Amino acid sequence: MSEVKIASETRSEFGKGAARRIRREGKVPGVLYGHGSDPLHLTLPGHELQLALRTPNVLISLDIDGKTNELAIPKAVQRDALKGFLEHVDLLLVKRGEKVQVEIPVHTEGELAPGGNLLEHVLNALPVEAEATHIPEAVTVSIEGLEAGASVHAKDIKLPSGVSLAVEDDAVVLQVLQAQAEESAEGEGAAGGEEVAEA
């Protein structure tokens with residue numbers, strides 16, 4: 001897992017007005033917390049942070065005011081509902097060698113058995129425990145040939161070395177649902193609006 005270096009500044013202004021001002025400058029307000037230390041309020045560069053957050057559970061090496069260096073992972077990211085830009089980020093302080101609980105995306109490969117069945121992601125992300133500097137970006141599960149009624153449980157997923165489940169072994173991650181017969185909606189509304197007004 002790669003580290004992304006980001007320069008940040010501590011901030012002493014809080015509230016909506018201060019946050020709006022920070023965003024106008026192309027920056028993002030954030031909070032760094034963890035290890036029992038007081039939360040540290042930061043200003044981070046918007047573009048660099050946006051690029052870093054494309055990687056799930058990215059490990060961020062924070063250069064704070066050019067004085068200290070801390071490792072952190074994103075814990076909560078707030079985006080504007082309409083425009084998608086970053087509004088705020090919560091970062092969790094981590095140490096090398098420390099185990100952390102995170103959720104990693106579940107990807108699938110292969111084709112279901114013929115018959116038009118549907119694959120349901122019961123869990124879109126798998127809760128795991130991993131060393132902070134070795135968090136896998138995702139896990140891949142083969143669904144090749146699975147038929148309706150089949151399930152993939154957490155214990156069935158092969159995890160990288162040093163990574164363990166942070167969820168019950170028998171938790172259902174994926175299941176195959178039987179295809180539903182689609183009701184034809186054709187013909188509805190065809191008779192409407194064709195009446196000719198009589199004078």
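Residue numbering note: each chain is counted from 1, following its sequence as written. Given that this is a predicted model, residues contribute local features only at a pLDDT of at least 70 and side-chain atom pairs are listed and counted only at 80 or more, while totals for whole chains, interfaces and linings are drawn from all residues. Excluded from the side-chain calculations are hydrogens and water; all other atoms, namely the structure's heavy atoms, are used.

**Comments concerning the pattern of salt bridges**
Right, on to step 1. We define a salt bridge as a side-chain nitrogen of Lys or Arg found within 4 Å of a carboxyl oxygen belonging to Asp or Glu. Applying the stated criterion across every chain, the model contains three salt bridges.
Right, on to step 2. Between glutamate 3 and arginine 96 there is a salt bridge whose closest N-O contact spans 2.8 Å. Of this pair, glutamate 3 sits in strand 1 (residues 3-10) while arginine 96 sits in the loop between strand 6 (86-94) and strand 7 (99-109); the two residues are 93 residues apart in sequence, bridging distant segments of the chain.
Right, on to step 3. Relative accessibility thresholds used throughout: buried, under 20% of the residue-type maximum; exposed, over 50%; partly exposed, between the two (1.4 Å probe, protein chains only). For glutamate 3, a relative accessible area of 31% gives the class partly exposed.
Right, on to step 4. The exposure class assigned to arginine 96 is exposed, which follows from its relative accessible area of 55%.
Right, on to step 5. Between glutamate 9 and lysine 27 there is a salt bridge whose closest N-O contact spans 3.8 Å. Of this pair, glutamate 9 sits in strand 1 while lysine 27 sits in strand 2 (residues 27-34), and the two are 18 residues apart along the sequence. In DSSP terms, a helix is any run of H or I states spanning at least four residues, a strand is any run of E spanning at least two, and both are numbered starting from the N terminus.

**Some thoughts on the nonpolar core**
Soluble globular proteins tend to bury their nonpolar side chains together.
Right, on to step 1. Within this scheme, the nonpolar core is defined by two criteria: the residues are buried Ala, Val, Leu, Ile, Met, Phe, Trp, Tyr or Cys, and they are joined through side-chain atoms within 4.5 Å. With 27 residues, the main nonpolar core has Ile73, Val94, Leu126 and Ile157 as its most contacted residues.
Right, on to step 2. Mapped by element, the contributors of at least two residues to this core are strand 5 (68-79), strand 6, strand 7, strand 9 (125-131), strand 10 (139-142) and strand 13 (172-177).
Right, on to step 3. The element best represented in this core is strand 7, accounting for four residues.
Right, on to step 4. Setting aside anything within four residues of it in sequence, one finds leucine 126 in contact with Val102, Glu103, Ile104, Val106, Val139, Ala154, Ile157, Leu159, Leu165, Val167 and Val173.
Right, on to step 5. Among the nonpolar cores identified, the runner-up in size contains 17 residues, and Ile6, Leu32, Leu86 and Val89 belong to it. Working rule for contacts: check all heavy atoms of both residues, and any pair within 4.5 Å makes them a contact.

**Some points on the side chain of threonine 133**
Right, on to step 1. Considering the arrangement of structural elements, one finds threonine 133 in the loop between strand 9 and strand 10.
Right, on to step 2. Residue threonine 133 is classed as buried on the basis of its relative accessible area of 10%.
Right, on to step 3. Polar contacts, as used here, are pairs of N or O atoms within 3.5 Å; protein pairs need one atom able to donate a hydrogen and one able to accept it. Residues neighboring in sequence count only if both atoms are side-chain atoms. Polar contacts involving the side chain of threonine 133 include one to the side chain of glutamate 131, which spans 2.6 Å.
Right, on to step 4. In terms of polar contacts, threonine 133 uses its side chain to reach the side chain of histidine 134, at 3.2 Å.

**Let's talk about the sheet that holds strand 9**
Right, on to step 1. A pair of strands is treated as paired once DSSP finds two or more bridges between them. Pairing within the open sheet is mixed, and its four strands lie in the order 10-7-9-12. Pairing within the sheet leaves two strands with one partner each, and these edge strands are strand 10 and strand 12 (164-165).
Right, on to step 2. The sheet contact formed by strand 7 and strand 10 spans four bridges and is parallel. Among the inter-strand pairings, valine 106 is bridged to a residue of strand 10, identified as valine 139.

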